[in-house]
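Now for the letters of each chain:
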Amino acid sequence: MAPVATSEKQATDIADLKTHAADKLFNPFYSPPDIDDGSSDYKFADFKPSFPNLSWEPLKEVEVTERALHADPSKKNLLSAASKVTHLTPAIGVELEGIDLRQLTDQQKDELALLVAERGVVFLRNQEIDIYQQLDLARHYGPLHKHATTGIPKNGLEEVHVVYNDSSRRPDASAFAKIDLWHSDVTYEIQPPGVTSLKVITGPEVGGDTLWSSGYALYSSLSPGLQTYLEGLQAVHSGVAQAEGNRAAGLPVRRKEIESVHPLVRVHPATGWKSVFVNPGFTRRIVGVPKAESDAILTFLFRQISDNPDFQVRFRWTEGSIALWDNRIVTHSATFDFWPATRHALRATPHAEKPLSVAEYEKATGKVAKDRQIEVWKQLGVDVATGNGASAGSSKSRYND
Ligand SMILES: O=C(O)CCC(=O)C(=O)O
Ligand SMILES: [Fe+2]
């Protein structure tokens with residue numbers, strides 16, 4: 001069995017996370033402002049990143065309609081339109097073939113939201129959808145988020161988050177531990193995003209895969225005592241390090257950074273399933289517990305996110321591929337193994353509701369929040385008294401009892 005991390009080691013890890021966060025976190029997503037000399041005949045030159053010196057007001061709470069709650073639970077309108085539906089792992093990820101995202105009816109868009117909520121991330125290849133149509137699709141799911149620190153396209157489309165790397169930017173391996181790069185997008189916001197889409201418009205032959213990890217599966221993997229304990233906790237998510245990273249790099253911060261407190265276990269309003277809602281990128285501490293305890297628990301959860309393949313899916317992009325993931329219930333991490341090739345992707349990011357704790361969900365709906373793994377087993381007709389700890393990864397026992 002792997003040795004248990006000492007508290008000293010855990011403290012060092014957390015200190016490391018914070019150090020990296022302070023000046024370097026997410027720098028792989030940044031590009032130097034002078035990236036283009038204007039003479040490029042690159043067809044997506046208008047969508048290269050830029051960092052205009054804009055100043056935006058703080059975000060306020062906004063109303064969001066949960067589209068997945070309007071979906072036909074069978075998702076028959078969407079799934080019958082697909083020529084093939086391939087589940088990539090039991091926990092997370094499905095690829096749809098034969099669907100053109102430009103052609104979806106509103107009913108199919110709602111069913112897509114439900115599929116994303118259930119499977120965490122949905123992949124479609126060879127999509128012709130352009131960024132304006134991608135933004136329209138995202139608007140169906142909620143008001144669009146504007147990122148305060150990362151690049152926006154040169155053409156000024158402020159709702160687009162640009163991911164761009166080329167030969168001018170060799171990744172600095174000394175700057176990151178890979179665990180630091182796992183995140184859910186902008187969880188420091190009051191209403192972090194829901195159904196988020198990223199389309200790769202230029203990509204390498206090989207490399208630049210992205211990984212996603214399921215917060216439902218992480219929740220299901222825990223022992224009952226820990227599940228109950230975590231359900232009562234809240235954690236601080238901070239945008240400070242990301243903003244400081246910009247300032248250190250001489251880049252503008254377009255909206256004042258904030259921190260938000262969110263439940264450590266949240267419930268997806270459409271599935272009613274419980275999901276661990278922390279990520280190495282932005283979650284800094286658990287509220288109201290001793291620091292050593294907060295550090296140990298967060299380090300444990302972060303390591304499960306990054307290390308446990310049973311919760312993960314890895315997607316090999318091809319040009320024109322799009323991924324839609326639900327930031328409420330998955331974390332993700334990009335790879336940077338493709339230098340000196342160019343990789344360029346555009347993201348649309350709708351806000352979702354303020355995260356709901358188990359107690360808040362149950363009070364608001366009168367329903368009992370569920371463990372996804374148990375629900376799946378019930379659907380399969382498996383007789384289980386409890387599924388807790390089921391995906392912890394032991395073939396002999398569900399956990400080390
Ligand atoms: O480049 C990628 O695959 C993902 C980047 C990322 O984290 C994002 O766009 O949210
Ligand atoms: Fe991201």
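Residues numbered from 1 in each chain as written. Chains lettered and ligands numbered in written order. Predicted model: local features only at pLDDT ≥ 70, side-chain atom pairs only at ≥ 80, totals over all residues. Heavy atoms only, no water.

Peer 1: Can you break down the coordination of the iron ion (ligand 2) residue by residue, with the values?
Peer 2: Coordination of the iron ion (ligand 2) by the protein involves His183 (NE2), Asp185 (OD) and His332 (NE2), with metal-donor separations of 2.1 Å. Mapped onto the sequence, the residues coordinating the iron ion (ligand 2) show the spacing H-x1-D-x146-H. Linking Asp185 in the loop between strand 6 (161-165) and strand 7 (195-202) with His332 in strand 16 (residues 330-334), this pair joins segments that are 147 residues apart in sequence. Both residues of the pair, Asp185 and His332, count as buried. (Donors = N, O, S within 2.8 Å, 3.2 Å for Na, K, Ca; no water. Helix = DSSP H or I, 4+ residues; strand = E, 2+ residues; numbered from the N terminus. Buried < 20%, exposed > 50% of the residue type's maximum accessible area, 1.4 Å probe, protein only.)

Peer 1: Run through the nonpolar core, naming residues and quoting values.
Peer 2: By size, the foremost hydrophobic cluster in this structure holds 44 residues, and its most contacted members are Val121, Trp212, Leu230, Leu264, Val276, Val278 and Leu301. Not counting chain neighbours up to four residues away, the residues in contact with Val276 comprise Gly215, Leu218, Tyr219, Leu222, Leu264 and Leu301. (Core = buried A, V, L, I, M, F, W, Y, C linked by side-chain atoms within 4.5 Å. Contact = heavy atoms within 4.5 Å.)

Peer 1: Which residues make up the pairing of strand 6, and what are the values?
Peer 2: When you tally the buried positions in strand 6, you get five out of five residues, the bulk of the element. Here strand 6 shows no split at all, with His161, Val163 and Asn165 on one side and Val162 and Tyr164 on the other all buried. Where strand 6 lies against strand 17 (residues 343-348), five bridges are found, and the strand directions are antiparallel. Bridging from a neighbouring strand, Val163 pairs with Ala345 of strand 17. (Pairing = 2+ DSSP bridges.)

Peer 1: So what's going on with the sheet that holds strand 14 (residues 312-315)? Residues and values would help.
Peer 2: Read across the sheet, three strands follow the order 14-8-16 without closing on themselves; strand pairing throughout is antiparallel. The open sheet has two edge strands, strand 14 and strand 16, and neither has a second partner. Neighbour-to-neighbour, the strand axes of the sheet open up by a mean angle of 20°, direction not taken into account. Sheet topology note: the strand 8 (residues 210-214)/strand 16 ladder contains five bridges and is antiparallel. The partner of Ser213 across the bridge, within strand 16, is Thr331. (Axes fitted to C-alpha atoms, helices over the stretch in contact; angles between N-to-C directions.)

Peer 1: Residues and numbers for unusual backbone geometry, please.
Peer 2: Look at the link from Trp339 to Pro340: it is a cis peptide, with omega at 15°. Here Asn126, not a glycine, exhibits a phi torsion of approximately 55°, which is positive. Along the polypeptide, Asn126 turns up in the loop between strand 4 (121-124) and helix 4 (131-141). Owing to a relative accessible area of 61%, Asn126 belongs among the exposed residues under this scheme. Positive phi values are uncommon outside glycine, yet Val186 reaches one of about 40°. Looking at the element boundaries, Val186 is found in the loop between strand 6 and strand 7.

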